Amino acid sequence: MPYETRIIRDLEGLESLRSDWGALATHPNADLDFYRLIVRSRLPGVSPYVLALQEGGSLVALAVGRVEEATVDFRIGYRTVWAPRVRALTLVYGGWLGDQSDDVATAIVLEFMSALKNGEADLIQFDWLPTESSLYRIARSTPSFLCRDHVVQSQMHSLMGLRGTLDEVLGQLSSNH
């Protein structure tokens, strides 16, 4: 399904998304004010890259990213043999907001890939993307064989439900904590 796309590349442009963004954000890394703080604190080497997908004038999804200067280390053992400077387009952890369908994931991947073709970025990073998500699956299968990462690092994330008040939980910890 074709979506209307808009890419925000400056801090001022983010304000036009504030109300919709606030309704969609579920992770602290993707909170608009926190995102703005991170981008501002890393200037001048970082710029916003927020993809807004709309359908019929309504916001469907956001892909909250940034373009940042980075170094890619190529190593043999512990020795770095080459470390080129690149512009990395990074989707922040928790930065896929809104509709999580295959259609939206495909639109995000294709738009990010067009940033490579246009020379806005040299590589794309999806930080800590859940491996069961459609965005992960589509990002791993859409680019050509030579254009995708073949050394993927997985990181287990766990949640623990706590019973009782904070004082009760802290009271149950041993003195070593």
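Use the structure listed above.
Residues numbered from 1 in each chain as written. Predicted model: local features only at pLDDT ≥ 70, side-chain atom pairs only at ≥ 80, totals over all residues. Heavy atoms only, no water.

1. Observations regarding the layout of surface pockets
For clarity, the threshold we go by: Only protein atoms enter the 1 Å grid used here, on which a cavity is any set of points holding a 1.4 Å probe that cannot leave and a pocket is any open set flanked by protein within 12 Å on both sides along at least five of seven lines; residues with an atom within 4 Å of a point are listed as lining. Grid points are joined across faces, edges and corners, and a volume is the space filled by probe spheres set on the points. Residue polarity follows a fixed list, in which Ala, Val, Leu, Ile, Met, Phe, Trp, Tyr, Cys and Pro are nonpolar, Asp, Glu, Lys and Arg are charged, and the others, Gly among them, are polar.
Of the voids in this model, the second largest pocket is the one considered here, and its volume is about 240 Å³. Lining the second largest pocket we find 15 residues, and of these Gly94, Gly95, Trp96, Gln100 and Pro130 sit closest to its centre. Residues belonging to the lining of the second largest pocket are distributed by class as follows: eight nonpolar, six polar and one charged.

2. Details of the sheet that holds strand β3 (residues 58-71)
Either a parallel or an antiparallel arrangement is found when strands of a sheet pair, and the pairing is made through backbone hydrogen bonds. Here is the rule we go by: Strands were regarded as paired on the criterion that DSSP finds at least two bridges between them. Only DSSP runs of H or I with at least four residues qualify as helices, and only runs of E with at least two residues qualify as strands; both kinds are numbered from the N terminus onward. Lines fitted to C-alpha atoms define the axes here, with helix axes fitted over just the stretch in contact, and angles between the N-to-C directions of these axes take values from 0 to 180 degrees. Should any heavy atoms of two residues lie within 4.5 Å, those residues are considered in contact.
Strand order in the open sheet formed by five strands is β1-β2-β3-β6-β7, with mixed pairing between adjacent strands. A single partner strand is all that each edge strand has here, and the edge strands are β1 (4-8) and β7 (123-126). Direction aside, the axes of adjacent strands within the sheet are offset by 25 degrees on average. Along the sheet face, helix α3 (residues 32-41) touches β2 (46-55), β3 and β6 (85-98) and points at about 145 degrees away from the line of β2.

3. Structural notes on the pattern of salt bridges
Counted only if it meets this: When a carboxyl oxygen of Asp or Glu is within 4 Å of a side-chain nitrogen of Lys or Arg, the pair counts as a salt bridge. For the exposure calls, accessible area comes from a 1.4 Å probe over protein chains only, and a residue counts as buried if that area is under 20% of its type's maximum, exposed if over 50%, partly exposed in between.
Here the structure, examined in full by the defined rule, presents ten salt bridges. Here Arg18 makes a salt bridge to Asp33, at a shortest N to O gap of 2.9 Å. Of this pair, Arg18 sits in helix α2 (residues 18-24) while Asp33 sits in helix α3, and the two are 15 residues apart along the sequence. A salt bridge links Glu69 to Arg85; its shortest N-O distance comes to 3.3 Å. Residue Glu69 is located in strand β3, and its partner Arg85 is located in strand β6; the two are separated by 16 residues in the primary sequence. The residues Glu69 and Arg85 share a single accessibility class, namely exposed. Among the charged side chains, a network of salt bridges with common partners joins Glu15, Arg18, Asp33 and Arg36.

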